[in-house]
Amino acid sequence: MQTTILGRTGLTVSRMGVGAGGPSQIGRKTGLSENESADLLRHAFDQGVNFVDTAEGYGTEPIVGQALQGRDRSSIIVSTKKSTRRQEVTAQTLQASLDQSLQNLGTDYIDLYNLHGVVPQDYPRLVTDIYPILQKAQDQGKIRFVGLSEMFNEDLGHTMLQMALTDDLWDVLMVGFNLLNQTAREKVFAQAMEQNVGIQIMFAVRKALSHPDNLRAFVADLVQKGQIAPADIDDFPAFLLAQTDSLPDAAYRFCRDEPGVHIVLSGTGNAEHLDANLASFAQLSLSQETRDRLKHIFRRVDSTTGQSI
Ligand SMILES: NC(=O)c1ccc[n+]([C@@H]2O[C@H](COP(=O)([O-])OP(=O)(O)OC[C@H]3O[C@@H](n4cnc5c(N)ncnc54)[C@H](OP(=O)(O)O)[C@@H]3O)[C@@H](O)[C@H]2O)c1
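This write-up is about the structure you can find in this document. Note that the structure is predicted; figures quoted are calculated from it, not measured.

## Re the nonpolar core
Phase 1: By size, the foremost hydrophobic cluster in this structure holds 83 residues, and its most contacted members are Trp-170, Leu-173, Ile-201, Phe-236 and Phe-298.
Phase 2: A total of eight residues in this core trace back to one element, the largest contributor, which is helix H4 (residues 123–139).
Phase 3: Residues within four places of Phe-236 in sequence aside, it is in contact with Leu-179, Leu-215, Val-219, Leu-294, Ile-297 and Phe-298.
Phase 4: Counting residues in hydrophobic clusters, the runner-up holds 14 residues, among them Ile-77, Phe-152, Val-172 and Leu-265.

This is the structure we're talking about:
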């Protein structure tokens, strides 16, 4: 497994991170038992993944805690998140949530503590009211680094992350980016690289890139919306499938090799998919010609996350 330094945190992280949320929630949404979900995480760790992302809101923190048991705590970078949506987060509720997350995870420190799904209208208040509480938790040794994740489906223009980069308070950002929607390249990554902010990608595969039939439906919709030129997609996705093991393989590698990206989160509740995804992260880069074509085809797309048409 390739590793990199997660920006200003200085942490050495695997390029693939396991996500315990998303549509599959490591199998919680697809009928796995808690033990089977923990086994998926353990398998990923045994194969060299040292980064796991969860959240209070996913209900998967205890499973991550289970998978960490018996392992050197310092060998895994644990990221969790506190939702700021549909509830008023206060200093008191944040402190209580953080203590509960520590208990759920069975650890006395969290490597990355993120505010979850932050929307632009909430961001200023979170900086004034909540950021100081995070700093206090850092001083207490409960958390090491602080970050934000965006609400990609409501904030397709990455407005909140652009506000955050202006403030330059945050060590890590979780960003929606994929082969279809590449808008974060200019709107987030360029500035994040200048500030050495750690970047994690979510939505690398999602629905659109999990199967060629889904992709065809998304592409047809984008053609209809005038965001893709029909002349650009003559042999798409055939040319890509001819060079890769599968569409998810292409999708993860496309994100992994994007300049400025440190970690690509992969969410699955399927053991075969997990092995396939681990194999993708061991593959070489897509050729520059292929990357350039993918950039060209989707250059105007800004209306989808890849989850729903
Ligand atoms: N706002 C936020 O903070 C936020 C939002 C979303 C996600 N996240 C984080 O990011 C992580 C990754 O999220 P994501 O959902 O965007 O992940 P993703 O890896 O892009 O997509 C996951 C979807 O792809 C499918 N999939 C994965 N590998 C596959 C394969 N080899 N073949 C076919 N289908 C495959 C999964 O289904 P199967 O289970 O069938 O494999 C699942 O439906 C989450 O777990 C979570 O930690 C954060």
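Having put the structure on the table, let's press on.
## What about the pairing of strand E8 (residues 172–176)?
Phase 1: Of all five residues that make up E8, five are buried, and the element is covered over most of its length.
Phase 2: The two faces of E8 match: Val-172, Met-174 and Gly-176 on one face and Leu-173 and Val-175 on the other face are all buried.
Phase 3: Alignment of strand E7 (residues 143–150) against E8, held across three bridges, turns out to be parallel. Paired with Ser-149 across the two strands is Met-174, which belongs to E8.
Phase 4: After leaving E7, the chain enters helix H5 (residues 159–167) and then returns to the sheet as E8, a path that is right-handed.
Phase 5: The β-α-β motif built from E8, the intervening helix H6 (residues 184–195) and the parallel element strand E9 (residues 198–202) has right-handed crossover chirality.

About the criteria used
- Residues numbered from 1 in each chain as written.
- Predicted model: local features only at pLDDT ≥ 70, side-chain atom pairs only at ≥ 80, totals over all residues.
- Heavy atoms only, no water.
- Core = buried A, V, L, I, M, F, W, Y, C linked by side-chain atoms within 4.5 Å.
- Buried < 20%, exposed > 50% of the residue type's maximum accessible area, 1.4 Å probe, protein only.
- Helix = DSSP H or I, 4+ residues; strand = E, 2+ residues; numbered from the N terminus.
- Contact = heavy atoms within 4.5 Å.
- Pairing = 2+ DSSP bridges.
- Right-handed = clockwise from strand over helix to strand, strands pointing away.

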